[in-house]
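# An overview of the molecular structure
Residues per chain, in single letters:
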Amino acid sequence: VLGVFGCVGYYGYAYSYLACLYARYGKKSMALKVAYHHLKNMETIKSDVENGRTHLGIALALSAGETLTGEAGAYLEKIMALTGLSDSPGDYFETAISVSQKNNYVTTLVPALREYGIYLTGISPDARKEQAIEKLKAADVKARESDMKDEVRKIGEALKKLENS
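Note that the structure is predicted; figures quoted are calculated from it, not measured.

## Some details on the side chain of Asn-51
Here Asn-51 lies in helix α3 (residues 51-62). By relative accessible area, which is 14% here, Asn-51 ends up buried. Residues within four places of Asn-51 in sequence aside, it is in contact with His-38, Leu-39, Met-42 and Val-99.

## Here we look at unusual backbone geometry
Of note, Asn-104 is a non-glycine position whose phi angle comes to about 50°, a positive value. Looking at the element boundaries, Asn-104 is found in the loop between α5 (89-102) and α6 (106-123). Of note, the phi angle at Asp-147 is positive, near 55°, even though the residue is not glycine. In this structure, Asp-147 sits in the loop between α7 (129-145) and α8 (149-163).

## Some details on the packing of aromatic side chains
For the structure on display, the rule yields four aromatic pairs. Ring centres of Tyr-36 and Tyr-75 lie 5.7 Å apart, and the angle between their planes is 50°; on these two criteria the pair is classed as tilted. Pair noted here: Tyr-36 is in helix α2 (residues 28-45) and Tyr-75 is in helix α4 (residues 70-83), with a separation of 39 residues, a long-range link. Relative to Tyr-116, the ring of Phe-93 has its centre 5.0 Å away and its plane inclined at 20°; by these criteria the two rings are stacked. A residue pair is termed long-range when its members are at least 10 positions apart, and Phe-93 in helix α5 and Tyr-116 in helix α6 qualify at 23 residues. In textbook terms, an aromatic cluster arises when at least three aromatic residues are bridged by ring pairs, as seen for Phe-93, Tyr-116 and Tyr-119. The cationic tip of Lys-78 hangs over the ring face of Tyr-36; the distance from NZ or CZ to the ring centre is 5.2 Å.

## Looking at the environment of Met-80
Along the chain, Met-80 falls in helix α4. The exposure class of Met-80 is buried, given its relative accessible area of 18%. In this structure the C-alpha to C-alpha distance between Met-80 and Tyr-36, which are 44 residues apart in sequence, comes to 9.5 Å.

## A few points about a nonpolar patch on the surface
Together, Leu-18, Leu-21 and Tyr-25 make up an exposed nonpolar region whose accessible area comes to about 320 Å². Within the secondary structure layout, Leu-21 lies in helix α1 (residues 11-24).

## Examining the packing of α7 against α8
For the pair α7 and α8, interaxial distance at closest approach is 9 Å and the crossing angle is 160°. Of the possible angle classes, the one that applies to α7 and α8 is roughly antiparallel. By crossing handedness, the relation of α7 to α8 is classed as left-handed. Across the interface between the two elements, Lys-129, Ala-132, Ile-133, Leu-136, Lys-137, Ala-139, Asp-140, Ala-143 and Arg-144 of α7 pack against Glu-151, Val-152, Ile-155, Ala-158, Leu-159, Leu-162 and Glu-163 of α8. Partitioning the contact of α7 with α8 into residue classes produces 10 nonpolar, no polar and six charged.

Rules used in this analysis
- Residues numbered from 1 in each chain as written.
- Predicted model: local features only at pLDDT ≥ 70, side-chain atom pairs only at ≥ 80, totals over all residues.
- Heavy atoms only, no water.
- Helix = DSSP H or I, 4+ residues; strand = E, 2+ residues; numbered from the N terminus.
- Buried < 20%, exposed > 50% of the residue type's maximum accessible area, 1.4 Å probe, protein only.
- Contact = heavy atoms within 4.5 Å.
- Phe/Tyr/Trp six-rings, centres within 6.5 Å; stacked < 30°, edge-to-face > 60°.
- Lys NZ or Arg CZ within 6 Å of the ring centre and 35° of its normal.
- Patch = residues over 30% accessible without salt bridge, like charges linked within 9 Å, V, L, I, M, F, W, Y side chains within 5 Å.
- Areas by Shrake-Rupley, 256 points an atom, 1.4 Å probe, with all protein chains shown as cover.
- Salt bridge = Lys/Arg side-chain N within 4 Å of Asp/Glu carboxyl O.
- Axes fitted to C-alpha atoms, helices over the stretch in contact; angles between N-to-C directions.
- Parallel < 35°, antiparallel > 145°, perpendicular 65-115°, else oblique.
- Left-handed = near helix turned anticlockwise from the far one by under 90°.
- Nonpolar A, V, L, I, M, F, W, Y, C, P; charged D, E, K, R; others polar.

Printed below as a string of structure tokens:
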């Protein structure tokens, strides 16, 4: 529909949210596919505040720690070539956070900080605990400032779980 009306600048909204949605439901190949198409579209439009959310979708797809093969692996290779980033979820979380901070885009910044904090606790709970708490507390501050009640609840649950570990 967007292509029919020549609205390529709006692809970022659809692609970035789809990347996150697919990643959350374990559809890594689809998440990476739509993320790749958004990044390719970025070559045309040059700027998109949704770029941070696309990087969040990639980070979520990679954060399960599974080796990607087939179509998912091929899309990851293309994404790495476009972004210059590695296959580390941390690189994509950091990019999502950086882009969102630069654009003051809290609707991506807060979930990116929260998900990164949760990810860090999963890969190395003891070694990364302080870094994870830092990310979660930063997410909590931004969520409270922006009255994001559901995010405050999710962050609180993650902090409580982390502090009890």
